[in-house]
Structure formats: C-alpha cells, structure tokens
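# Examining the three-dimensional arrangement
Listed below, chain by chain, are the residues.
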Amino acid sequence: VGSEMCIRDRVTIVDCESGRRISWRTSSLGVPNAEWISEFEPHNGACLVTETWTDKRYRWSLPVSAFLSGVKDRTSHTRDGIERTLENLATAVES
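Reading the values: the criteria
- Residues numbered from 1 in each chain as written.
- Predicted model: local features only at pLDDT ≥ 70, side-chain atom pairs only at ≥ 80, totals over all residues.
- Heavy atoms only, no water.
- Helix = DSSP H or I, 4+ residues; strand = E, 2+ residues; numbered from the N terminus.
- Contact = heavy atoms within 4.5 Å.
- Areas by Shrake-Rupley, 256 points an atom, 1.4 Å probe, with all protein chains shown as cover.
- Lys, Arg positive; Asp, Glu negative; His and termini not counted.
- Charge placed at Lys NZ, Arg CZ, Asp CG, Glu CD.
- Buried < 20%, exposed > 50% of the residue type's maximum accessible area, 1.4 Å probe, protein only.
- Pairing = 2+ DSSP bridges.
- Axes fitted to C-alpha atoms, helices over the stretch in contact; angles between N-to-C directions.
- Salt bridge = Lys/Arg side-chain N within 4 Å of Asp/Glu carboxyl O.

Let us look at the overall build of the protein. A tally of helices and strands in the protein yields two helices and four strands. Taken from the N to the C terminus, the helices and strands of the protein come in the order β-β-β-β-α-α. Taken over the C-alpha atoms alone, the protein extends approximately 45 × 25 × 20 Å along its principal axes. Pairs at least 24 apart in sequence give 17% of the contacts found in the protein among residues at least 6 apart. On the protein, roughly 7500 Å² of surface is accessible, and the fraction owed to carbon and sulfur atoms is 54%. Measuring between centres, the 12 positive side-chain charges of the protein sit 9 Å from its 14 negative side-chain charges.

Structure (structure tokens):
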C-alpha cells in the first residue's frame, strides 16, 4: 500500500478466483521469467496469505538475467522480497 513498483516485464494473468487466488506469469522480450501465485484463505477469523514464486527462466538466460538485474541469487532475492511483502501487508491490515 502506497508503494510504487516499476514493471518492465510483460505480465499475463493466468488464473483468478475472486477473493481466493490470483496467478500471473512474467516475461521479458518474450522470454519467460516467473510464475507468481497469491492465495487467500480464511484462518482463525483472519486471512492467511500464501505467496508462491516459480522461476521459469531458461537455463541459458540465467547469466544474462544476473548481469542485467545485478541479482546473482534470484531465489534468495525473491524469497526476501516475498517475506517483506507479507510483513508489509500484515502491518497495513493490523494498523
């Protein structure tokens, strides 16, 4: 909430179940990057949010991706980002 994000990738929504789940795929210049899934479910009077990321990059594109993005370990980088997103979401909901 209140944050801006610059997206240079193509984003394609592949599944959406209102209030329950949304999934999308990203690509750059026609080359697959990732698939993201956000799932929402009731849990003890609150909402449990589960984020899933699957790396869809071609093996040959990994060194190019690391060079262009400056991110050598995409899995750890993405995991850290997901954790921050979920923490920020919890903070926003609880305030």
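Further notes follow.
With a phi close to 55°, Leu-29 is a non-glycine residue in the positive phi region. Note that Leu-29 resides in the loop between strand 2 (21-28) and strand 3 (31-43). Judged by its relative accessible area of 91%, Leu-29 is exposed. Residue Asn-44 is not a glycine yet carries a positive backbone phi of 50°. Along the chain, the position of Asn-44 falls in the loop between strand 3 and strand 4 (46-55).

It is worth spelling out the sheet that holds strand 3 at this point. An order of 1-2-3-4 is seen for the four strands of this open sheet, with the pairing classed as antiparallel. At either end of the open sheet lies a strand with only one pairing partner, and these are strand 1 (10-17) and strand 4. Averaged over all neighbouring strand pairs, the angle between strand axes comes to 15°, with direction disregarded. Pairing of strand 2 with strand 3, which is carried by eight bridges, proceeds in the antiparallel orientation.

Turning our eyes to something else, we now look at the pattern of salt bridges. This model, assessed by the stated rule, comprises five salt bridges. Two residues, Arg-20 and Glu-17, come together in a salt bridge whose shortest N-O distance is 4.0 Å. By relative accessible area, Glu-17 is classed as partly exposed at 45%. Here Glu-39 makes a salt bridge to Arg-21, at a shortest N to O gap of 3.3 Å. Residue Glu-39 is found in strand 3, and its partner Arg-21 is found in strand 2; the two are separated by 18 residues along the sequence. Among the charged side chains, a network of salt bridges with common partners joins Asp-15, Arg-21 and Glu-39.

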